[in-house]
Amino acid sequence: MPPVQLLIVAEDDGELRVDRWFRRHFPQLPHGRLEKMLRKGEVRVDGGRVTAATRLAPGQTVRVPPFPDDLAEQPPPPKPVIEPDADFIQSRVIHIDDSVLALDKPAGLAVQGGSGGIRHLGQFEAALMFGRNKPPRLVHRLDRDTSGVLVMGRTAPAAAALAKAFHARTTRKLYWAAVAGKPSPARGTIRFGLVKAPGPRGEKMLCVHPDEVKATEGAQRAVSDYALVDSAGGRASWVALRPVTGRTHQLRAHMAEIGCPVVGDGKYGGNSQTNEGDGWGAQLGGPVSRKLHLHARALQIPHPDGGVLNLSAPLPEHMARTWELFGWREADAPENPWE
């Protein structure tokens, strides 16, 4: 029988119910057996009793009790990946060592599977093992249509350390985006809270005035910094973005709220090219791609084995074409636009 495990809740597992967290990480454990463990207090979160419906937060510690021998076997290994797909995902690796693997995630690739047959990172797990007997573990996530730096832990301790770094905000994130319009002032902090939109609208977040966050059920505080890097006559701008908190769709919702939606963001900025007085639509028209122009450009994070890891990813092709169109040069961007 395996020993007690103390596992750290990863960034991308935040807000999951306890039962769904177990279903994701221990699919061999029947729900009835989990309920019994919960009733007996064998499963604990940060030392306290919980129920199946308790919501987890990144950085919390889950006590996983020993499983009976008939449930102790590990889930089957990832399915093999065909050679063209293996070559593709391995070409996106920007860093690998004993503890950490980092990808330049392409736009359009989801980090987790869902309904509708969406292409997701889990389908490539076997090609990212590089001689290990388990695939690397996600510790944070990017939206499906956002490209750029994505970090994973190659061991359980490394994944826990990376997840803790995200939760403790000891990371330094830098996103680049093309937005419609020109933000004013040139640098600022957006403090609107976020709450999930009601009804069957898919995953969409609504902005809540900072003064109303506490009084709004389900709302969470959210903070984003932005800095103008360059502009194309006020019609479109290159901005650097820094999420202080890590909410779903935070940067996209915040930029749309100040009237400068990310180019190509039909969910938050609509599909128009006009300014109706409250801000621009998210499309620029002409040769500019309709794909989302949001890219996780750089990440600085403490390495699990000591020191600091600095990672960066080049602009995806559709954004590089837009930069060329407007004469924006990557070399002109300051390393830290807020200094």
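Here the structure is a predicted model, which means the values were calculated and not measured.

Procedures and definitions
Residues numbered from 1 in each chain as written. Predicted model: local features only at pLDDT ≥ 70, side-chain atom pairs only at ≥ 80, totals over all residues. Heavy atoms only, no water. Helix = DSSP H or I, 4+ residues; strand = E, 2+ residues; numbered from the N terminus. Rg over C-alpha atoms; globule rule 2.2 N^0.38 Å. Buried < 20%, exposed > 50% of the residue type's maximum accessible area, 1.4 Å probe, protein only. Contact = heavy atoms within 4.5 Å. Areas by Shrake-Rupley, 256 points an atom, 1.4 Å probe, with all protein chains shown as cover. Lys, Arg positive; Asp, Glu negative; His and termini not counted. Charge placed at Lys NZ, Arg CZ, Asp CG, Glu CD. Salt bridge = Lys/Arg side-chain N within 4 Å of Asp/Glu carboxyl O. Polar contact = N/O pair within 3.5 Å; in protein donor to acceptor, adjacent residues only side chain to side chain. Pairing = 2+ DSSP bridges. Phe/Tyr/Trp six-rings, centres within 6.5 Å; stacked < 30°, edge-to-face > 60°.

Caption draft 1: Representation of the overall build of the protein chain within the structure. In terms of regular secondary structure, the protein chain is built from seven helices and 16 strands. A compact globule built from 339 residues should have a C-alpha radius of gyration of about 20 Å, and the protein chain, at 21 Å, falls within 12% of that. Overall, the protein chain is about 65 × 50 × 40 Å in size when its C-alpha atoms are taken along their principal axes. Relative to its full complement of 339 residues, the protein chain shows a buried share of 47%. Pairs at least 24 apart in sequence give 67% of the contacts found in the protein chain among residues at least 6 apart. Of the accessible surface of the protein chain, which amounts to about 16700 Å², a share of 48% is contributed by carbon and sulfur atoms. Counting 44 positive and 37 negative side-chain charges, the protein chain places the centres of these two groups 4 Å from one another.

Caption draft 2: Structural context of the pattern of salt bridges. On inspection of all chains with the given rule, the structure shows eleven salt bridges. Note that R119 is salt-bridged to D85, the shortest N-O span being 3.3 Å. Remark: D85 occurs in helix α3 (residues 83-90) and R119 occurs in the loop between β6 (100-105) and β7 (137-138); sequence separation between them is 34 residues. When the shortest N-O distance is used, the salt bridge between R92 and D104 registers 3.4 Å. Of the two residues, R92 sits in the loop between α3 and β5 (93-96) while D104 sits in strand β6, which places them twelve residues apart along the sequence. A network of salt bridges, in which partner residues are shared, links D143, R252 and D265.

Caption draft 3: Fine view of the side chain of H120. Inspection of the secondary structure puts H120 in the loop between β6 and β7. Among the residues examined, H120 registers a relative accessible area of 17% and is labelled buried. Among the polar contacts listed, one links the side chain of H120 to the backbone nitrogen of G122, at a separation of 3.1 Å. Setting aside chain neighbours within four positions, we find H120 in contact with L109, A110, Q112 and G113.

Caption draft 4: Spatial organisation of the sheet that holds strand β4 (residues 61-64). Spatially, β1-β4-β2-β3 is the arrangement adopted by the four strands of the open sheet, whose pairing is antiparallel. With one partner strand each, in any of the chains shown, β1 (5-8) and β3 (48-49) form the two edges of the open sheet. When strand β2 (residues 44-45) meets β3, the two strands line up antiparallel, connected through two bridges. Within β3, the position partnered with R44 by the bridge is R49.

Caption draft 5: Looking closely at the environment of R169. Position of R169 relative to the elements: it lies in the loop between α4 (156-168) and β9 (172-180). A relative accessible area of 44% places R169 in the partly exposed class. Sequence separation between R169 and P198 is 29 residues, and the spatial gap between their C-alpha atoms is 29 Å. The contact partners of R169, leaving out residues within four places of it in the chain, are R221, V244 and T245.

Caption draft 6: Layout of the pairing of strand β16 (residues 308-312). Burial along β16 is one-sided: the residues L309 and L311 are buried and none of V308, N310 and S312 is. Bridge count for strand β15 (residues 294-302) against β16 is five bridges, and the pairing is antiparallel. Each bridged residue has a counterpart across the sheet, and for L299 the counterpart in β16 is L311.

Caption draft 7: Local environment of the packing of aromatic side chains. In the structure shown here, the tally under the stated rule is nine aromatic pairs. Judged by centre distance (5.1 Å) and plane angle (75 degrees), the rings of W176 and W238 are edge-to-face. Of this pair, W176 sits in strand β9 while W238 is found in strand β14 (residues 236-243), placing the two residues 62 residues apart along the sequence. With relative accessibility at 3%, the residue W176 sits in the buried group. Of the residues examined, W238 reaches a relative accessible area of 1% and is grouped as buried. Ring geometry for F326 against W328: centres 5.0 Å apart, planes inclined by 40 degrees, an arrangement best described as tilted. F326 gets classed as partly exposed once you look at its relative accessible area, which sits at 28%.

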